[in-house]
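Given next are the chains, with one letter for each unit.
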Amino acid sequence: MTQKIIIDCDPGVDDAVAILMALTSPEVEVLGVTTNVGNVSLYKTQLNARRVCEVAGRLDMKVFAGCPRSLFNRFAPESVEDTAYTAADIHGESGLGGSKLPAPTMPLQDEHAVNFIIRTLENSTGDIIMVCTGALTNMATALIMSPQIAAKIQKIVLMGGAIGLGNITPAAEYNFYCDPEAAHVVFTSKIPIVMFGLDVTRQTEFDKKWVDEIEALNSPVAQALVDILSDAFKPGAYAEPGTKGTGKVLHDVNCIAYLINPSLYEGRNVYVEIDTSDTINSGRSTVDWWNKIGKEPNALVMNKVKHEAFFALLTERISRYPKFQKSANGTL
Ligand code: RIB
Ligand code: CA
């Protein structure tokens, strides 16, 4: 049965790949794309979300801008172009790596992302899945404004946290680091959570051979994807700590691959607590993997993915986008 989802994200290279996979997969119906600050500023994440929807041929997709800052961040942005934190060293100044996609022509929705999330959930029968691939600020703000929507969320499938070491600090993964209090709100909400932390996402490393396979698909989306990923193999490019190969990781795509084929993953229902202290542990997700404290589990935490099957699925889904059209004289 088709799963209705809202993708809340901060595109972001891997967010962009997740959106492209979702938009060509009949297992999910994307009701809207909401954005917040994270990898780059909100101004850029909403632009990037529209660029990606547009190249996917989905100019009908509703894209919303959400929160330009985290719940308790002491940095007060002067505008949506300001941001207290950035991962431009990983995702590029634009947030979409080496993307050559033009400025979007499709509109940004006037409605605030949080209001869209609340309105859509309130009007639903409780069959909507929230897919969160950035900081959880929009999700937490929606729950704070309208606690009753918690009963309307079938589950939250999120990329964030770690059983082991973080990536932005020894303790924290980037999404939870950006807004620890928002992660705390979500993990204490009693909403069913499926957590894709670094322990499993680090297993979805890609290499140049796979990018070449994508390029051979010979479509505007495939070419856009190749461009977006093109910075990954430049000398000195970021390598995700704790990886075993190239260090180029498609963290967020795991959320969509799971919805399409849950059998790709293994995990465990465990208790997870978020550290909101103003210390080196800020943003840490402490995962009671061995059930040492006996608290009620609040998340299905994944720790294994079938690497080959994951990339075979992703490649097959990207292959579904329309090919470049040859003109009458055979040129593209
Ligand atoms: O730590 C990885 C996460 O942070 C991913 O969601 C990536 O897009 C960045 O947002
Ligand atoms: Ca992200």
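Preceding block: the structure.
Definitions and cut-offs
- Residues numbered from 1 in each chain as written.
- Chains lettered and ligands numbered in written order.
- Predicted model: local features only at pLDDT ≥ 70, side-chain atom pairs only at ≥ 80, totals over all residues.
- Heavy atoms only, no water.
- Buried < 20%, exposed > 50% of the residue type's maximum accessible area, 1.4 Å probe, protein only.
- Helix = DSSP H or I, 4+ residues; strand = E, 2+ residues; numbered from the N terminus.
- Pairing = 2+ DSSP bridges.
- Right-handed = clockwise from strand over helix to strand, strands pointing away.
- Donors = N, O, S within 2.8 Å, 3.2 Å for Na, K, Ca; no water.
- Core = buried A, V, L, I, M, F, W, Y, C linked by side-chain atoms within 4.5 Å.
- Contact = heavy atoms within 4.5 Å.

A. Expanded view of the pairing of strand 1 (residues 3-9). Among the seven residues of strand 1, six are classified as buried, and the element is accordingly described as predominantly covered. In this structure, strand 1 lies alongside strand 2 (residues 28-35), joined through seven bridges in parallel fashion. Directly across from Lys 4, in strand 2, lies its bridge partner Glu 29. As for the winding sense of the linkage, the β-α-β connection from strand 1 through helix 1 (residues 13-23) to strand 2 is right-handed. Here strand 1 runs beside strand 4 (residues 128-132); their pairing, made up of five bridges, is parallel. Note that in strand 4 the partner of Lys 4 across the bridge is Ile 128.

B. Region of the structure containing the coordination of the calcium ion (ligand 2). Coordination of the calcium ion (ligand 2) by the protein comes from Asp 10 (OD), Asp 15 (OD), Asp 15 (OD), Thr 133 (O) and Asp 252 (OD), over a distance range of 2.2 to 2.5 Å. Positions of the donor residues of the calcium ion (ligand 2) along the chain correspond to the pattern D-x4-D-x117-T-x118-D. In this pair, Asp 15 sits in helix 1 while Thr 133 sits in the loop between strand 4 and helix 5 (137-145), placing the two residues 118 residues apart along the sequence. Looking at Asp 15, the relative accessible area reads 1%, which means it is buried.

C. Representation of the nonpolar core in the model. In this structure, Ile 5, Tyr 265, Leu 314 and Ile 318 are the most contacted members of the largest nonpolar core, which totals 66 residues. Ranked by residue count, the leading element in this core is helix 1, at nine residues. The contact partners of Ile 5, leaving out residues within four places of it in the chain, are Ala 22, Val 28, Glu 29, Val 30, Leu 31, Gly 32, Ile 129, Val 131, Ile 256 and Leu 259. Residues Phe 116, Ile 128, Val 270 and Ala 299 belong to the second largest nonpolar core, which totals 36 residues.

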